[in-house]
Structure formats: structure tokens, C-alpha cells
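Structural description and commentary
Below are the chains, spelled out letter by letter.
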Amino acid sequence: MEIFGNIESCVKEWTDLTLDYKQLESTHKVYQEKLQELSKFQSDCISQIRHQRYRLGLIAKALKRQKPDDEDDEERLECLSKDVEKRKFQLNEIEDDLPRESGLYLKIILGTVNVNILDKAARFKYKDEYEKFKLVLNLIALVLSVINLITNQRVFDLLFMFLTVWYYCTLTIRESILKVNGSKIKGWWRLHHFISTVVGGVMLTWPDGTPYQGFRQQLMWFHVYISCLQYLQFRYQQGCLYRLKALGDRHNMDITIEGFHSWMWRGLTFLLPFLYIGYGFQCYNSYKLYKLSFVEGATWQIPALSLLFLTLFLGNTITTSLVIPQKNQRSSQVKIPLCTSEQIPLESQQKTSKKDYPF
């Protein structure tokens, strides 16, 4: 750091610094004005999207009520229906760049904090950190499971269960933030993580005893298998997602999941048998806990865990199995290019304009 030799040099330096500060104030003022403009543009876009969706809803209802008189009418109705679906997709794409309101879960956990990440680079970085978090914690859980198989120390059991609760709690929060920022994870796979958090919490309160020791080895072997399976899924799904994103077939904010989605048919079908084995393991856990609930000294945690494992088994099996008929149905459909208003003949457009649409 430069040391000033006399008062004059200090005054000169302060004068220069004051000029720089005035420049900073000017820049900050422009920054505040741009922020206000940005907020206004965001509100305008959100309002226009709502208007578009309202009008699209009216158009869709009107199209459903139309009865084509000839093949020309039928073709125009089909083209308009496809254009409506295309417009809905376009609105979703625009909405990905706009701030979204946090869900109830995030509001309970974090309050009214704004978790929108508007910068795309920062958004993708947060998604990548989420993926790395899952991978690292999964490997740590695998090591702890192996240690618990080799030894029988209560402290390691509690450490493993606490890690499970913390992992799934953190996962649900991160996934909720990703969802606000455009990630498509939804449905059962989000609920699956909430149920797994409850499973970890109940396991953490299960006191040591004969029933616990009767289930302990099976639980650790189950987690060893699941950890290995999830690692395989992560490595293969990540490569598959990168490839599909490069081809434009997947969304940039899509994430790896524990289950099976329709996009995994491209090279990941070999994982299906291993997934069903894992689901069968969950069912066996439920059955074993059900039998243990009749053992002397059984606590309330045993039937509760039996019900939770049964719920996970049913949810995972049904959700994954539904992908197969969806895939077969999509494969049997003939792809027809989306129509635009320019592709509809002028005479047909004039004929359409005479229809009585409520918009």
C-alpha cells in the first residue's frame, strides 16, 4: 500500500478519490434506474403471459366445440390446435427467464426470500452444484453403510441416520429452488424425497433393541445396493442428459432422478431390472418390519417404517411402470409438423374468421 509523505499528497489523493466517488454515485443511479426498468419489464411480461394464456384457453375451448363440415375444415382445426400447443410451449420458454413466486415449502423454510436466479450461467452452475452434492453425499452414505456392516457401533448408526435426514432435507430445499428457476422435476419424485426425509427421521428415533438389531443388517445392505444403483444412475443419466440437451431434446435445467423417465429409453433401459430389484428390496423391508411389529418390545417406529417403505415401493413401481405404456403410445403416433397461420390458405383463413369464437 502506498504511504503518502505529506499533507498535500493526502489532500490530492482525497480529491481524486472524491471524483471517483462521484462517478460511483452516477453509476449507482443508473443501476437503480435499470433495476426499476427491469422490474417493470418483468411485470409487463408476466401480465402479457397471463393474457396470452387466457386467450389461448378461450381458443382451445372454441376449437373443441367446432364440428368440421369437410376435410378442409378438419385440417384447419388440426393446424390451429397444434399452433395452440406450440404457443403454450413458447410461453413456458419465455416464463423460464422471468422471476417466479416461491412455493409454500420454501416460504415456510426460508420466508419471503427471493430465490430466483436470473443469470443463466449462475442458474446452470447452481444445478451442477446440486448434482455434485448428490454424488458426494451418495458416496459418503455408501462408505458409512459399509462401516456399519463391518462394525456394530450405535454412534455410526446414528451418524448414518442423521446424514440421511440432513441429506434429504437439503435435497428438497435445493430442488424447490431449482423448480422456481425452471427445473422440471415434479410429481412423485419430489414427494419421494419428502417421504425419505420422514423415513430417516423415524429411523433416527428408533431405540436400540432386539427388533432394531433384527432389521439393522438388512437396512445397511439395502443402502449399499441403493447407493451403488444411484451412482450408476447419476453417471449414465448425466451423460444422457448432456447428449439430449446438445440435440435440443431436453431442457437445460433438467436434473438426474432416482427413477426412470421417458427420455432414458435412449441407452438406459438396462437400468430397469436393477431399479425393480431395488423396489422389491423396499417391499421386502416393509414385510420384514411388519413381521417385527409383532415381536415383544416393538415400538411405534416399526409399523410406521413398514408403511413408509410400502408407500415408497408402490409409488416407485407404479410411476416407473407408467413410463412403458407412455413410450409405446408415443412410438405409435405419427409426427405431423406444427402448422402456422402462414401455412393455412388465405381462403381458409377468411372462412375461419367468420366463425363465432368467444374472444
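Criteria and cut-off values
- Residues numbered from 1 in each chain as written.
- Predicted model: local features only at pLDDT ≥ 70, side-chain atom pairs only at ≥ 80, totals over all residues.
- Heavy atoms only, no water.
- Helix = DSSP H or I, 4+ residues; strand = E, 2+ residues; numbered from the N terminus.
- Buried < 20%, exposed > 50% of the residue type's maximum accessible area, 1.4 Å probe, protein only.
- Contact = heavy atoms within 4.5 Å.
- Areas by Shrake-Rupley, 256 points an atom, 1.4 Å probe, with all protein chains shown as cover.
- Patch = residues over 30% accessible without salt bridge, like charges linked within 9 Å, V, L, I, M, F, W, Y side chains within 5 Å.
- Salt bridge = Lys/Arg side-chain N within 4 Å of Asp/Glu carboxyl O.
- Polar contact = N/O pair within 3.5 Å; in protein donor to acceptor, adjacent residues only side chain to side chain.
- Phe/Tyr/Trp six-rings, centres within 6.5 Å; stacked < 30°, edge-to-face > 60°.
- pLDDT = per-residue confidence, 0-100.
- Core = buried A, V, L, I, M, F, W, Y, C linked by side-chain atoms within 4.5 Å.
- 1 Å grid on protein atoms, 1.4 Å probe; cavity = no way out; pocket = protein on both sides within 12 Å on 5 of 7 lines; lining within 4 Å.
- Points joined across faces, edges and corners; volume = space filled by probe spheres on them.

The subject of this paragraph is the overall build of the protein. Broken down by element type, the protein carries 11 helices and zero strands. Reading the secondary structure of the protein in the N-to-C direction produces α-α-α-α-α-α-α-α-α-α-α. Across the 359 residues of the protein, 36% fall into the buried class. Within the protein, contacts between residues separated by at least 24 positions form 76% of all contacts whose residues are at least 6 apart in sequence. Of the roughly 22000 Å² of accessible surface on the protein, 62% is carried by carbon and sulfur atoms.

The next point concerns a nonpolar patch on the surface. A grouping of L104, I108, I109, L110 and V113 is seen on the molecular surface, where their side chains present a nonpolar patch of about 490 Å² in accessible area. As for its placement among the helices and strands, V113 is situated in the loop between α3 (104–110) and α4 (120–150).

Here the focus is the pattern of salt bridges. As enumerated under the stated definition, the model contains 10 salt bridges in all. With a closest N to O distance of 3.1 Å, D44 and K40 form a salt bridge. Residue D44 and its partner K40 are located together in helix α1 (residues 7–65), separated by four residues, close to a single helical turn. Judged by relative accessible area, which is 29%, D44 ranks as partly exposed.

Examined against the element boundaries, T320 turns out to sit in helix α9 (residues 301–321). Polar contacts involving the side chain of T320 include one to the side chain of Y279, which spans 3.0 Å. From its side chain, T320 meets the backbone oxygen of N316 in a polar contact 2.9 Å long.

Moving on, we get to the packing of aromatic side chains. Evaluated as defined, the whole model comprises 11 aromatic pairs. Pairing F133 with Y167 gives two aromatic rings, centres 5.7 Å apart and planes at 25°, and the pair type is stacked. A residue pair is termed long-range when its members are at least 10 positions apart, and F133 in helix α4 and Y167 in helix α5 (residues 154–180) qualify at 34 residues. Summarising the burial analysis for this pair, F133 and Y167 share the class buried.

Moving on to the confidence of the model for the protein. Per-residue pLDDT for the protein has a mean of 81; in total, 79% of the residues score no lower than 70. Mean pLDDT values for the elements of the protein range from 39 in helix α11 (residues 346–353) up to 94 in α9. Ignoring residues within four places in sequence, the model shows residues 255–265, a span with pLDDT below 50, making 56 contacts including any to other chains. Under a pLDDT of 50 for its full length, residues 340–359 has, in the predicted model, 29 contacts with residues more than four places off or in other chains.

Counting residues in each nonpolar core, the largest one holds 46 residues, and the members touching the most others are V199, M203, W206, F215, L289, L305 and F309. At the level of secondary structure, the elements contributing two or more residues to this core comprise α4, α5, α6 (188–205), α7 (210–246), α8 (272–292) and α9. It is α5 that contributes the most residues to this core, nine residues altogether. What F309 contacts, discounting residues up to four positions off in sequence, is V199, F215, L219, F222, Q282, N285, S286 and L289.

In this structure, K120 sits in helix α4. Judged by its relative accessible area of 45%, K120 is partly exposed. C-alpha separation for the pair K120 and N181, spaced 61 residues apart in sequence, amounts to 9.5 Å.

Tallied over the full model, the rule gives four cavities of 30 Å³ or more. Counted as a void, the largest cavity has a volume near 500 Å³. Around the largest cavity, the lining is made up of 31 residues, and of these Y168, F222, H223, I226 and Q230 lie nearest the centre. Breaking the lining of the largest cavity down by element, the ones donating at least two residues are α4, α5, α6, α7, α8 and α9.

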